[in-house]
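# A structural walkthrough
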Amino acid sequence: MTDNGMLKVAMPKGRIYKQASKLFREAGLPIPEDFDDSRRLIVPVPEANMEFILAKPVDVPTYVEYGVADIGVVGKDVLMEENKDVYELLDLGIAKCRMSVIGLPGWKPVIHPRVATKYPNVASQYFRERGQQVEVIKLNGSIELAPLIGLADRIVDMVETGQTLKENGLVEMETMFAVTSRLIANRVSYRLKNAQIQELCDRIGRHVPARS
Ligand code: PRP
């Protein structure tokens with residue numbers, strides 16, 4: 001595949017995108033303004049020798065692992081769940097939230113509880129490491145429904161503002177780990193386009209929000 005040294009960047013659609021594009025623009029990277037509201041999936045920016053690809057967040061590590069994108073922006077939650085063979089280059093410090101165990105208030109332990117989640121690998125590993133036997137049920141969204149309608153005893157999900165929990169009468173039982181977005185790179189691209197990737201990392205790194 002010839003790409004004339006063009007750097008291909010996979011950006012996640014959805015809630016991370018706005019914060020990532022803001023950070024990239026602050027770092028002087030030329031993401032076209034109209035890209036934010038358009039339905040276009042590929043935007044070449046020849047003057048910067050870059051091409052932006054808008055992907056479903058969960059697919060970003062796959063595009064980067066296979067090298068169809070050289071680098072990508074992805075949440076630590078997805079990185080941990082997908083476990084792809086990519087380099088994690090930089091903590092972008094954006095889209096801050098946490099992965100938590102959640103349940104109904106007053107929940108009593110049961111033998112072999114059912115845990116619903118979008119993150120079956122993360123959840124299985126977490127409970128296995130604690131010697132707790134659970135049945136993990138994979139769902140694809142609106143996870144908070146599961147304990148409300150009796151599908152699961154607990155859920156493992158992301159908490160950002162806590163609003164979804166509050167509105168559904170659920171409580172955070174344990175915080176598992178903090179989540180932010182990361183910059184990742186394909187292993188071969190990182191070697192072949194090292195100067196370009198390193199320069200971009202340095203530029204973005206200077207604009208990463210301070211840890212709070
Ligand atoms: C995520 C997550 C929670 C919610 C947390 O869902 O799964 O449901 O956001 O945010 P909050 O603490 O600010 O309320 P998302 O909106 O991505 O949709 P989903 O239900 O399809 O996973």
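Report follows, based on the coordinates. Every value quoted in this text rests on a predicted model; they were computed, and no experiment measured them.

## A look at the overall build of the protein
When helices and strands are counted, the protein shows eight helices and eleven strands. By residue count, 43% of the 212 residues in the protein fall in the buried class. Nonlocal contacts in the protein, meaning residues at least 24 apart in sequence, comprise 68% of its contacts between residues at least 6 apart. Approximately 11400 Å² of the protein is accessible, and the part contributed by carbon and sulfur atoms is 51%. Each charge sign in the protein was given a centre, from 28 positive and 28 negative side chains, and these centres are 2 Å apart.

## Thoughts on the sheet that holds strand 2 (residues 42–45)
Strand order in the open sheet formed by six strands is 2-3-1-4-11-5, with mixed pairing between adjacent strands. With one partner strand each, in any of the chains shown, strand 2 and strand 5 (87–91) form the two edges of the open sheet. Strand-to-strand, the axes of this sheet are offset by a mean angle of 25°, without reference to chain direction. Relative to strand 11 (residues 181–185), strand 5 is paired through four bridges, and the arrangement is antiparallel.

## Quick look at the environment of E33
Residue placement: E33 occurs in the loop between helix 1 (15–26) and strand 2. Placed 56 residues apart in sequence, E33 and L89 show a C-alpha to C-alpha distance of 26 Å.

## Some points on the environment of R40
Examined against the element boundaries, R40 turns out to sit in the loop between helix 1 and strand 2. Considering only alpha carbons, one finds R40 and D77, 37 residues apart in sequence, at a separation of 26 Å. Excluding its chain neighbours within four sequence positions, the residues that come into contact with R40 are D34, F35 and L54.

## Here we look at the sheet that holds strand 10 (residues 171–179)
Taken in spatial order, the five strands of this open sheet run 8-7-9-6-10, and their pairing is mixed. The sheet is open, and its two edges are formed by strand 8 (135–138) and strand 10, each paired on a single side. Strand-to-strand twist across the sheet, computed as the mean angle between neighbouring axes with direction ignored, equals 25°. Across six bridges, the pairing between strand 6 (residues 97–103) and strand 9 (residues 154–159) is antiparallel. Looking across to strand 9, one finds that V101 is bridged to V156.

Rules used throughout
- Residues numbered from 1 in each chain as written.
- Predicted model: local features only at pLDDT ≥ 70, side-chain atom pairs only at ≥ 80, totals over all residues.
- Heavy atoms only, no water.
- Helix = DSSP H or I, 4+ residues; strand = E, 2+ residues; numbered from the N terminus.
- Buried < 20%, exposed > 50% of the residue type's maximum accessible area, 1.4 Å probe, protein only.
- Contact = heavy atoms within 4.5 Å.
- Areas by Shrake-Rupley, 256 points an atom, 1.4 Å probe, with all protein chains shown as cover.
- Lys, Arg positive; Asp, Glu negative; His and termini not counted.
- Charge placed at Lys NZ, Arg CZ, Asp CG, Glu CD.
- Pairing = 2+ DSSP bridges.
- Axes fitted to C-alpha atoms, helices over the stretch in contact; angles between N-to-C directions.

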